[in-house]
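Architecture at a glance
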Amino acid sequence: MAKLTILFVLIVVSIACGAKICPRHQVYNACGTSCPEYCNWDPSNMPCTLECVQDCFCQKGFVLEAVDSNKCIPKGRCSAMPTCGLNKEYRICGSSCPKYCGQNDFVICTAVCVPGCFCKDGYVLASEDSNECILESECKV
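The rules behind the values
- Sequence order as written defines the numbering, with residues in each chain counted from 1.
- Reporting of local features is limited, given that this is a predicted model, to residues whose pLDDT is at least 70; pairs of side-chain atoms are given and counted only at 80 or more, and all residues count toward the totals for whole chains, interfaces and linings.
- Here the side-chain values reflect all heavy atoms present in the structure, with hydrogen atoms and water set aside.
- Runs of H or I in DSSP of at least four residues are treated as helices and runs of E of at least two as strands, each being numbered from the N terminus.
- For every residue, the accessible area obtained with a 1.4 Å probe (protein chains only) is divided by the maximum for its type, and the residue is called buried under 20%, exposed over 50%, and partly exposed between those limits.
- When checking whether two residues touch, look at their non-hydrogen atoms; a contact exists if any pair is within 4.5 Å.
- Under the convention used here, a 1.4 Å probe and the Shrake-Rupley method define accessible areas, while residue burial counts only the protein chains that appear.
- Take a side-chain nitrogen of Lys or Arg and a carboxyl oxygen of Asp or Glu: if they are within 4 Å of each other, that pair is a salt bridge.
- In this description, a disulfide is simply a cysteine sulfur pair whose atoms lie within 2.5 Å.

Before going further, it helps to spend a moment on the overall build of the chain. Along the backbone of the chain there are 1 helix and 8 strands. Going residue by residue from the N terminus, the α and β elements of the chain occur as α-β-β-β-β-β-β-β-β. Out of the 141 residues in the chain, the part that is buried amounts to 25%. For the chain, restricting intrachain contacts to residue pairs at least 6 apart in sequence, the fraction spanning at least 24 positions comes to 52%. Accessible area for the chain stands at about 10,000 Å²; split by element, carbon and sulfur atoms hold 59% of it.

This is the structure we're talking about:
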């Protein structure tokens with residue numbers, strides 16, 4: 001009973017002080033990075049600002065499983081994740097109907113998460129049958 005009371009007090013104090021209770025392998029940081037590291041992360045391909053972000057961040061030695069994941073895994077386990085090609089990134093929850101050049105704006109698609117390599121934000125597949133991701137602005141109208 002004493003352990004529960006202590007846990008309750010810690011939770012109340014954390015909430016009162018504005019601190020956030022973080023998931024496993026994460027710690028709260030009042031001034032963390034706006035570009036947290038994730039598996040197969042290439043910082044040279046991502047513009048990053050120096051702004052402070054108040055949130056939970058992976059503990060030292062851990063990284064986010066994917067760009068769209070909130071799960072921290074040991075950095076050494078990243079080798080089990082696929083390495084994606086140019087202008088692509090691994091996602092835990094990608095679309096089963098990825099966007100491509102010339103695609104109709106009104107696409108009926110099931111809302112199902114599909115893990116795999118997908119075009120980065122701002123990029124689309126060059127065509128319906130293509131595996132190449134190009135800037136959406138480069139699509140021929």
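From this point, the narrative continues.
We now examine the pattern of salt bridges. By the definition in use, this model includes 4 salt bridges. Between R91 and D121 there is a salt bridge, and its shortest N-O distance comes to 3.4 Å. Of the two residues, R91 sits in strand 5 (residues 88-94) while D121 sits in the loop between strand 6 (114-119) and strand 7 (123-125), which places them 30 residues apart along the sequence. By relative accessible area, which is 16% here, R91 ends up buried. Exposure remark for D121: the relative accessible area of 67% places this residue in the exposed category.

One pass over the structure, following the stated rule, counts 9 disulfides. Here C101 pairs with C139 through a disulfide, and the sulfurs are 1.9 Å apart. On the S-S bond that ties C101 to C139, the torsion sits near -70 degrees, and the link is left-handed. Taken together, the residues C101 in the loop between strand 5 and strand 6 and C139 in the segment after strand 8 (133-135) connect sequence positions 38 residues apart. The class for C101 is buried, based on a relative accessible area of 15%. The buried category is assigned to C139, whose relative accessible area is 18%.

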